[in-house]
Amino acid sequence: MNNYHRHSHYSNIMSPDSAVTNEQYAKRAVELGDKILSSCEHGFQGNYFEVFTLAQKYNLKFIYSCEAYWVKDRFEQDKTNNHIHISAKTDKGRKALNLALSEANTTGYYYKPRLDLELLLSLPKDDVFLTSACIGFWHYEDSEDIVVKLHNHFKDNFMLEVQTHSSHQQRALNKKILSLSKQYGIKIIAGQDSHYITPDQAIDRTEVLLSKGVRYEDEDGWFMDYADNETVIKRFKDQDVLSDEEIYEAMKNTEVFESFDDLSNIDIFSK
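As the structure is a computational prediction, the values presented were derived from the model and not from experiment.

(A) Representation of the sheet that holds strand β4 (residues 82-88) within the structure. Strands sit in the order β5-β6-β3-β4-β7-β8-β9 across an open sheet of seven strands; the sheet is mixed. In the strand order of this sheet, the two ends are held by β5 (109-110) and β9 (188-190), each with one partner. For strand β3 (residues 65-71) and β4, the ladder comprises six bridges, and the chain directions are antiparallel. Counted as the bridge partner of Cys-66 is Ile-86 from β4. Across the sheet, helix α6 (residues 168-184) touches β8 (158-162) and β9, and the angle it forms with β8 is around 150 degrees.

Here is the structure:
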């Protein structure tokens, strides 16, 4: 599987959350035989020039992406700040994502740069790819209705993200996601949501948080490393929610990123 949902120390610009570098992600991808390197960070596209350069160095596909914050209406003083993962499939999608995130930082800024449903649905449906990211996507009581709107617009370019965390909340969410997947025909995809590479690096992240006086609640049982396929499968099995077939499907669907346009020949500094 490919690890598209990950965070480096550049995410600390928005939310203190990681102590690892993009090059550590690149080396781990090569070690595991993964095919992509994502620029995903909290709230913005990350240091995409660095990721672009590292992808070339390590013969990986460069994925232009972010984990954005979103609300229903960016003009309201709404601090809900749900999460959503967005990647560009084409250069057109990259430019559209840039424009939307620019609006999030101007007309949508309230504590965080926030997209809203208007901006999300303005993205060209064939040129971007979205997932429901982490448990932070699901803050609104009518999240199911929003999922349906996103799926109706983006079709198979919107997937429901399942994660392996050993927590009651994640088990309950994965059950809900499977129910929605079957009801509405929405594909599932396995996201790692990595904040470090190996489990022993958790202490480095903790030190970053302590240095900023930050403590995130309800992270007991969370797996935030960059695990190999066997470990991901074991964690899903231990979670005891997805069937073997569903685990395979969710992991297999991460190969969708390999079909994105090659952005290695674009002017990465263009709008």
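Next, the rest of the story.
(B) Spatial organisation of helix α7 (residues 202-211). Three or more residues of α7 are buried, namely Arg-205, Val-208 and Leu-209. Buried residues in α7, looked at end-on, bunch into an arc of 95 degrees, giving them a common side. For α7, exposure combined with an orientation more than 90 degrees from the buried face picks out Leu-210 and Ser-211. Backbone geometry just downstream of α7 places Gly-213 in the positive-phi region, at approximately 70 degrees.

(C) Spatial organisation of the pairing of β4. Of all seven residues in β4, seven are buried, a share of seventy percent or more. Burial along β4 is two-sided: the residues Asn-82, Ile-84, Ile-86 and Ala-88 and His-83, His-85 and Ser-87 are all buried. Note that β4 and strand β7 (residues 128-131) share four bridges and pair antiparallel. By the bridge assignment for β7, Ser-87 is matched with Phe-129.

(D) Spotlight on empty space enclosed by the protein. Under the counting rule described, the total for this entry stands at two cavities of 30 Å³ or more. Roughly 70 Å³ of volume is contained in the largest cavity. Met-1, Gln-163, Thr-164, His-165, Ala-190, Gly-191, Gln-192, Phe-223, Asp-225, Val-232, Arg-235 and Phe-236 together form the lining of the largest cavity. Ranked by residue count, the leading element in the lining of the largest cavity is helix α8 (residues 229-239), at three residues. Considering only residue class, the lining of the largest cavity consists of five nonpolar, five polar and two charged. Estimates place the volume of the second largest cavity at around 40 Å³. Forming the walls of the second largest cavity are Asn-3, Arg-6, Tyr-25, Ala-29, Ile-36, Leu-37, Ser-38 and Tyr-226.

(E) Looking closely at the layout of surface pockets. By volume, the largest pocket amounts to about 530 Å³. Lining of the largest pocket is provided by 23 residues; of these, His-83, Cys-134, Tyr-216, Glu-219 and Trp-222 occupy positions nearest its centre. Considered class by class, the residues forming the lining of the largest pocket number six nonpolar, nine polar and eight charged. Roughly 320 Å³ of internal volume is contained in the second largest pocket. In this structure, the second largest pocket is lined by 17 residues; those nearest its centre are Arg-205, Arg-215, Tyr-216, Glu-219 and Asp-220. It is α7 that provides the largest number of residues to the lining of the second largest pocket, a total of five residues. The residue inventory of the lining of the second largest pocket, partitioned by class, reads eight nonpolar, three polar and six charged.

(F) Representation of the packing of aromatic side chains. Applying the stated criterion across every chain, the model contains 13 aromatic pairs. Taken together, Tyr-48, Phe-49, Phe-52, Phe-62 and Tyr-64 form an aromatic cluster joined through their ring pairs. For Arg-28, the ring lying beneath its charged end belongs to Tyr-226, and the centroid distance is 5.9 Å. Above the ring of Phe-223, the side-chain terminus of Arg-235 is found at 3.9 Å from the ring centroid.

(G) Molecular detail of the pattern of salt bridges. For the structure shown, the criterion picks out 19 salt bridges. Here Lys-57 ties to Glu-23 by a salt bridge, and the two come within 2.9 Å at their closest N and O atoms. Taken as a pair, Lys-57 in helix α2 (residues 48-57) and Glu-23 in helix α1 (residues 22-32) lie far apart in primary sequence, 34 residues in all. A residue is classified by how much of its surface remains accessible, and Lys-57, at 56% relative accessible area, is exposed. Close ionic contact of Arg-28 with Glu-31 constitutes a salt bridge, the shortest N to O distance being 3.1 Å. Of this pair, Arg-28 and Glu-31 both sit in helix α1, separated by three residues, roughly a single helical turn. Accessibility expressed as a relative area gives 13% for Arg-28, which makes it buried. Residue classification places Glu-31 among the exposed positions, given a relative accessible area of 58%. Taken together, the shared-partner salt bridges in this structure form one network comprising Arg-74, Glu-103, Asp-116 and Glu-118.

Conventions adopted
Residues numbered from 1 in each chain as written. Predicted model: local features only at pLDDT ≥ 70, side-chain atom pairs only at ≥ 80, totals over all residues. Heavy atoms only, no water. Pairing = 2+ DSSP bridges. Helix = DSSP H or I, 4+ residues; strand = E, 2+ residues; numbered from the N terminus. Contact = heavy atoms within 4.5 Å. Axes fitted to C-alpha atoms, helices over the stretch in contact; angles between N-to-C directions. Buried < 20%, exposed > 50% of the residue type's maximum accessible area, 1.4 Å probe, protein only. Arc of directions from axis to C-beta. 1 Å grid on protein atoms, 1.4 Å probe; cavity = no way out; pocket = protein on both sides within 12 Å on 5 of 7 lines; lining within 4 Å. Points joined across faces, edges and corners; volume = space filled by probe spheres on them. Nonpolar A, V, L, I, M, F, W, Y, C, P; charged D, E, K, R; others polar. Phe/Tyr/Trp six-rings, centres within 6.5 Å; stacked < 30°, edge-to-face > 60°. Lys NZ or Arg CZ within 6 Å of the ring centre and 35° of its normal. Salt bridge = Lys/Arg side-chain N within 4 Å of Asp/Glu carboxyl O.

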